[in-house]
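Chains, contacts and geometry: an overview
Given next are the chains, with one letter for each unit.
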Amino acid sequence: MFRLIRETHIDFMGGRKVAAVFSAILILVGIASLIAHGGPRYGIDFTGGRLLELGFTGAEVPTADVRSALADQGITDVEVQAFEAGMGAESGVLIRFTGLELSEAEVGDVSPSAALKEQLEAQHPGLSVEVLLEDSVGPKIGAELRGRALKAILYALGAILIY
């Protein structure tokens, strides 16, 4: 029989105390990080809210301009994240609305995404704004998903312990 490695004698159990201490330190650092940041940061899928992705062509739009345009509509507590070219746009922003802020801001027949699009195009001549993605998750569905995810994690940990 052909063997690449012969006569291996690695003392895995000799380093068990060092590995246990290292694992305990990592767990404590993770718990401290969760406490320092106020718990886990759930995405829109688990908390409820809306996600709006806008693509820009023709001009660069700073995220500060998007935030000020949203503030003009009365929407302040949002996450605005810039992204590079893709999906036919030169650049764009990803806006995460938490809770029901976007639906509360809807006035008449004009949705906030359409109003935001019009306002940004008026502020930046030559800019073309395209709504690439608009998605929403209700808070009840988010809470249900969070509960199911927690159960799945606990079941998986239980199965690992049994194994």
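Below you will find a few notes about this structure. Just so it is clear, the structure is predicted and the values come from calculations on it, not from any experiment.

How each quantity is defined
Residues numbered from 1 in each chain as written. Predicted model: local features only at pLDDT ≥ 70, side-chain atom pairs only at ≥ 80, totals over all residues. Heavy atoms only, no water. Helix = DSSP H or I, 4+ residues; strand = E, 2+ residues; numbered from the N terminus. Buried < 20%, exposed > 50% of the residue type's maximum accessible area, 1.4 Å probe, protein only. Contact = heavy atoms within 4.5 Å. Areas by Shrake-Rupley, 256 points an atom, 1.4 Å probe, with all protein chains shown as cover. Salt bridge = Lys/Arg side-chain N within 4 Å of Asp/Glu carboxyl O. Pairing = 2+ DSSP bridges. Axes fitted to C-alpha atoms, helices over the stretch in contact; angles between N-to-C directions. Patch = residues over 30% accessible without salt bridge, like charges linked within 9 Å, V, L, I, M, F, W, Y side chains within 5 Å.

Another point: the overall build of the chain. The number of helices and strands found in the chain is 6 helices and 4 strands. Listing every helix and strand of the chain by position from the N terminus yields α-α-β-α-β-β-α-α-β-α. The buried share of the chain, taken over its 163 residues, is 24%. Taking the intrachain contacts of the chain between residues at least 6 apart in sequence as the baseline, contacts between residues at least 24 apart amount to 74%. When the accessible area of the chain is evaluated, it comes to approximately 11,800 Å², of which 62% is carbon and sulfur surface.

This paragraph deals with the pattern of salt bridges. Applying the stated criterion across every chain, the model contains 2 salt bridges. Across the pair Arg96 and Glu79 runs a salt bridge, and its minimum N-O distance is 3.6 Å. Residue Arg96 is located in strand β3 (residues 91–98), and its partner Glu79 is located in strand β2 (residues 78–83); the two are separated by 17 residues in the primary sequence. We classify Arg96 as partly exposed; its relative accessible area is 26%. With a closest N to O distance of 3.0 Å, Glu144 and Arg148 form a salt bridge. Of this pair, Glu144 and Arg148 both sit in helix α6 (residues 139–162), separated by 4 residues, roughly a single helical turn.

Attention now moves to the sheet that holds strand β4 (residues 128–137). Taken in spatial order, the 4 strands of this open sheet run β2-β3-β1-β4, and their pairing is antiparallel. The open sheet terminates on both sides in strands that have one partner only, identified here as β2 and β4. Recorded for the sheet is a direction-independent mean angle of 15° between the axes of neighbouring strands. Note that β2 and β3 share 6 bridges and pair antiparallel.

Summarising burial for strand β1 (residues 49–57): 7 of the 9 residues are buried, a large majority. Pairing analysis gives 8 bridges linking β1 to β3, with the strands arranged antiparallel. Of the residues in β3, the one forming a bridge with Gly55 is Gly92. Pairing analysis gives 9 bridges linking β1 to β4, with the strands arranged antiparallel. Its bridge partner lying in β4, Phe56 is registered against Val129.

This brings us to a nonpolar patch on the surface. Together, Leu150, Ile153, Leu154, Leu157 and Ile160 give the surface a local cluster of nonpolar side chains, amounting to about 520 Å² of exposed area. On the basis of relative accessibility, which here comes to 51%, the residue Leu154 falls in the exposed class.

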